[in-house]
Amino acid sequence: MLLLVHAALTFMLVGLILTVQLVHYPLFARVGATTWPAYEREHQNRITFLVGPLMLAELLSAGWLALHPPPPLPSWSVWLGLALTLLIWLSTALVQSPLHGRLSAAFDARLHRQLVVGNWFRTLVWLLRGGLCLWWLTLLL
């Protein structure tokens, strides 16, 4: 049952990161300089409210699965899943969050580009996690 919950959390976050990467972040450049600071603050508040609980639940369930892997899952794969989750957290803490902080005062095209390009790493890691969860689910069938 935990694996199903974990997979659902991961799939929700995969959908969210794809929306952010392909739709939301690219549109930042069209907000406008005068409304940018308020927009960025509101973005940070709303996205944190949505993504924070999902990421925390994904991390906790990944940790539990690593410590208590369901019998059909290779133990190396659940530890890989946890390691990928930790990479996402590190990227969020060391790249995306600081860039959002720096962008809070005013829009900067160079920082925006760094945000979009740097977020591809996180997007790809989440896609890998989604694939891993799909594989796990097939092992349970």
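Residues numbered from 1 in each chain as written. Predicted model: local features only at pLDDT ≥ 70, side-chain atom pairs only at ≥ 80, totals over all residues. Heavy atoms only, no water.

Asker: Tell me about the side chain of T123, and please be specific about residues and values.
Answerer: Mapped onto the fold, T123 is located in helix α4 (residues 109-140). Relative accessible area serves as the criterion here: at 0%, T123 is assigned to the buried category. (Helix = DSSP H or I, 4+ residues; strand = E, 2+ residues; numbered from the N terminus. Buried < 20%, exposed > 50% of the residue type's maximum accessible area, 1.4 Å probe, protein only.)

Asker: I'd love a proper account of the pattern of salt bridges, names of residues and values included.
Answerer: The final tally for this structure, using the stated rule, is two salt bridges. Between E42 and R46 there is a salt bridge, with its nearest N and O atoms 2.6 Å apart. Taken as a pair, E42 and R46 lie in helix α2 (residues 36-67) at a separation of four residues, close to a single helical turn. The exposure class assigned to E42 is partly exposed, which follows from its relative accessible area of 36%. (Salt bridge = Lys/Arg side-chain N within 4 Å of Asp/Glu carboxyl O.)

Asker: Mind laying out α4, listing which residues take part and the relevant values?
Answerer: Compared with an ideal rise of 1.5 Å per residue, which puts 32 residues at 46 Å, α4 spans 47 Å between its outermost C-alpha atoms and is within 8% of the ideal. Its side-chain oxygen at 2.8 Å from the backbone nitrogen of R110, D108 defines the N-terminal cap of α4. (Expected span 1.5 Å × (residues − 1). Polar contact = N/O pair within 3.5 Å; in protein donor to acceptor, adjacent residues only side chain to side chain.)

Asker: So, the UniProt feature "transmembrane region" (unreviewed entry) in the protein: which residues are in play, and what are the values?
Answerer: Taking the UniProt record as the reference, the feature "transmembrane region" (unreviewed entry) is found at residues 6-27, 47-67, 73-95 and 116-137. Taken end to end, residues 6-27 has its terminal C-alpha atoms 30 Å apart, with 100% of it in helix and 0% in strand. Helix makes up 100% of residues 47-67 and strand makes up 0%, while its end C-alpha atoms are separated by 30 Å. (UniProt positions renumbered as here; feature names shortened; annotations may be inferred.)

Asker: Tell me about the nonpolar core, residues and numbers included.
Answerer: Side chains of a nonpolar character, in soluble globular proteins, are inclined to be buried together. In terms of nonpolar packing, the biggest core is built from 30 residues, with L3, L13, Y25, M55, L115, W126 and W136 touching the most fellow members. Sequence-distant contacts of W126, defined by excluding residues within four places in its chain, comprise L13, V14, I17, M55, E58 and I88. (Core = buried A, V, L, I, M, F, W, Y, C linked by side-chain atoms within 4.5 Å. Contact = heavy atoms within 4.5 Å.)

Asker: Could you give me a rundown of the layout of surface pockets, with the residues and numbers involved?
Answerer: Size it by volume and the largest pocket reaches roughly 420 Å³. Residue lining of the largest pocket: 20 residues in total, with I47, V51, T92, S97 and R122 positioned closest to the centre. Elements with a contribution of two residues or more to the lining of the largest pocket: α1 (2-27), α2, α3 (75-103) and α4. When residues of the lining of the largest pocket are assigned to their parent elements, the largest contribution, seven residues, is made by α2. Of the residues in the lining of the largest pocket, the class split is 11 nonpolar, eight polar and one charged. (1 Å grid on protein atoms, 1.4 Å probe; cavity = no way out; pocket = protein on both sides within 12 Å on 5 of 7 lines; lining within 4 Å. Points joined across faces, edges and corners; volume = space filled by probe spheres on them. Nonpolar A, V, L, I, M, F, W, Y, C, P; charged D, E, K, R; others polar.)

Asker: Please give an account of the packing of α3 against α4 that cites residues and values.
Answerer: Running from N to C, α3 and α4 cross one another at 160 degrees; their axes reach a closest spacing of 10 Å. Taken as axis vectors, α3 and α4 run roughly antiparallel relative to one another. When you trace α3 past α4, the crossing you get is left-handed. Residues of the contact of α3 with α4, tallied by class, amount to 17 nonpolar, 11 polar and four charged. (Axes fitted to C-alpha atoms, helices over the stretch in contact; angles between N-to-C directions. Parallel < 35°, antiparallel > 145°, perpendicular 65-115°, else oblique. Left-handed = near helix turned anticlockwise from the far one by under 90°.)

Asker: Tell me about the packing of aromatic side chains, and please be specific about residues and values.
Answerer: Aromatic ring pairs are described here by two measures, namely the spacing of the ring centres and the angle between the planes. Considering all chains together, one arrives at six aromatic pairs under this definition. The interplanar angle of 65 degrees and the centroid separation of 5.1 Å between the aromatic rings of F28 and W36 together place this pair among those described as edge-to-face. Judged by its relative accessible area of 1%, F28 is buried. Measuring from centroid to centroid gives 5.9 Å for W76 and W135, while their planes differ by 35 degrees, and the two rings are tilted. A residue pair is termed long-range when its members are at least 10 positions apart, and W76 in helix α3 and W135 in helix α4 qualify at 59 residues. According to the relative accessible area criterion, W135 is partly exposed, its value standing at 33%. Among the aromatic residues, ring-to-ring pairing joins Y25, F28, W36, Y39 and F107 into one connected group. (Phe/Tyr/Trp six-rings, centres within 6.5 Å; stacked < 30°, edge-to-face > 60°.)

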